[in-house]
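# Structural characterization, general
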Amino acid sequence: MSLEEKQPYTICWAGGRQFQIYLEYDEQLKESYPAYPDFDAHPEYTKDGQPFATAEQESCPYGMPRMEGAPLPCDCGGCKWFSRENTPYDPIGVCICSKRRRESGTKSEEEKR
Ligand code: SF4
């Protein structure tokens, strides 16, 4: 089945963008999993220059706990700079940390086409 025919597993909204998430099959585990974007390997930014991130993405050196005195987050989902657009469980969000902002932003994959 080609990508054009494949139906997305889910659609995520973040930072004014839509991300279609497809299932991929893991031969070793013998099960399918939702393949979220790898923003570490392929960074993408909002028009304001803030980076997109997934909740499960490993935290960066600027990560901060959501509550004072809590341990440092191990992933972006636990960081106070991770902004979700719709629900507290959104798997994709925007990192609003000013230290990670790019001045001009970069083009999204859709805008590059
Ligand atoms: S949300 Fe931003 S600041 Fe927080 S850990 Fe992720 S990339 Fe770093």
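Please read these numbers as outputs of a predicted model, since none were measured by experiment.

### Some thoughts on the sheet that holds strand β1 (residues 10–14)
Ordered by their spatial adjacency, 3 strands build an open sheet running β1-β2-β3, and the pairing between neighbours is antiparallel. Two strands close off the open sheet at either side, each with one partner strand: β1 and β3 (31–35). Strand-to-strand twist of the sheet, defined as the mean angle between neighbouring strand axes without regard to direction, takes the value 30°. Summarising the sheet, strand β2 (residues 17–26) and β3 pair through 5 bridges and their orientation is antiparallel.

### Some remarks on the site of the ligand
The environment of the ligand is made up of A53, S59, C60, Y62, G63, C76, C79, W81, F82, C95, C97 and R100. Looking at the shell around the ligand residue by residue, the classes come out as 9 nonpolar, 2 polar and 1 charged.

### Side note on the pairing of β3
The buried fraction of β3 is low, at 0 of 5 residues. What sits between the antiparallel neighbours β2 and β3 is a turn of 4 residues, in which K30 has the positive phi angle 60°.

### Some words on unusual backbone geometry
With a phi close to 60°, K30 is a non-glycine residue in the positive phi region. Residue placement: K30 occurs in the loop between β2 and β3. K30 gets classed as exposed once you count the C-beta atoms within 10 Å, which come to 7.

### Looking at the nonpolar core
Ranked by size, the top nonpolar core spans 14 residues in total, and within it A14, F52, F82 and C95 carry the most contacts. Contributing elements (two or more residues each) for this core: β1, β4 (52–54) and β6 (92–95). In terms of residue count, the dominant contributor to this core is β6 (3 residues). Each residue touching F52, except ones within four places of it in the same chain, is listed here: A14, G15, F39, E44, Y45, I92 and V94.

### Some remarks on the pairing of β2
Of all the 10 residues making up β2, 1 are buried; the element is thus mostly uncovered. Between β1 and β2, which pair antiparallel in sequence order, lie 2 residues; one of them, G15, sits at a positive phi of approximately 55°.

### Things to note about the sheet that holds strand β5 (residues 82–83)
Reading across the sheet, the 3 strands line up as β4-β6-β5 and stay open at both edges, with antiparallel pairing between neighbours. Each having just a single partner strand, β4 and β5 make up the two edges of the open sheet. Bridge count for β4 against β6 is 3 bridges, and the pairing is antiparallel. Bridged to T54 within β6 is I92.

Cut-offs and rules
Residues numbered from 1 in each chain as written. Predicted model: local features only at pLDDT ≥ 70, side-chain atom pairs only at ≥ 80, totals over all residues. Pairing = 2+ DSSP bridges. Helix = DSSP H or I, 4+ residues; strand = E, 2+ residues; numbered from the N terminus. Axes fitted to C-alpha atoms, helices over the stretch in contact; angles between N-to-C directions. Near = placed C-beta within 6 Å. Nonpolar A, V, L, I, M, F, W, Y, C, P; charged D, E, K, R; others polar. Buried ≥ 20, exposed ≤ 12 C-beta atoms within 10 Å, placed from the backbone. Core = buried A, V, L, I, M, F, W, Y, C linked by C-beta atoms within 7 Å. Contact = placed C-beta atoms within 7 Å.

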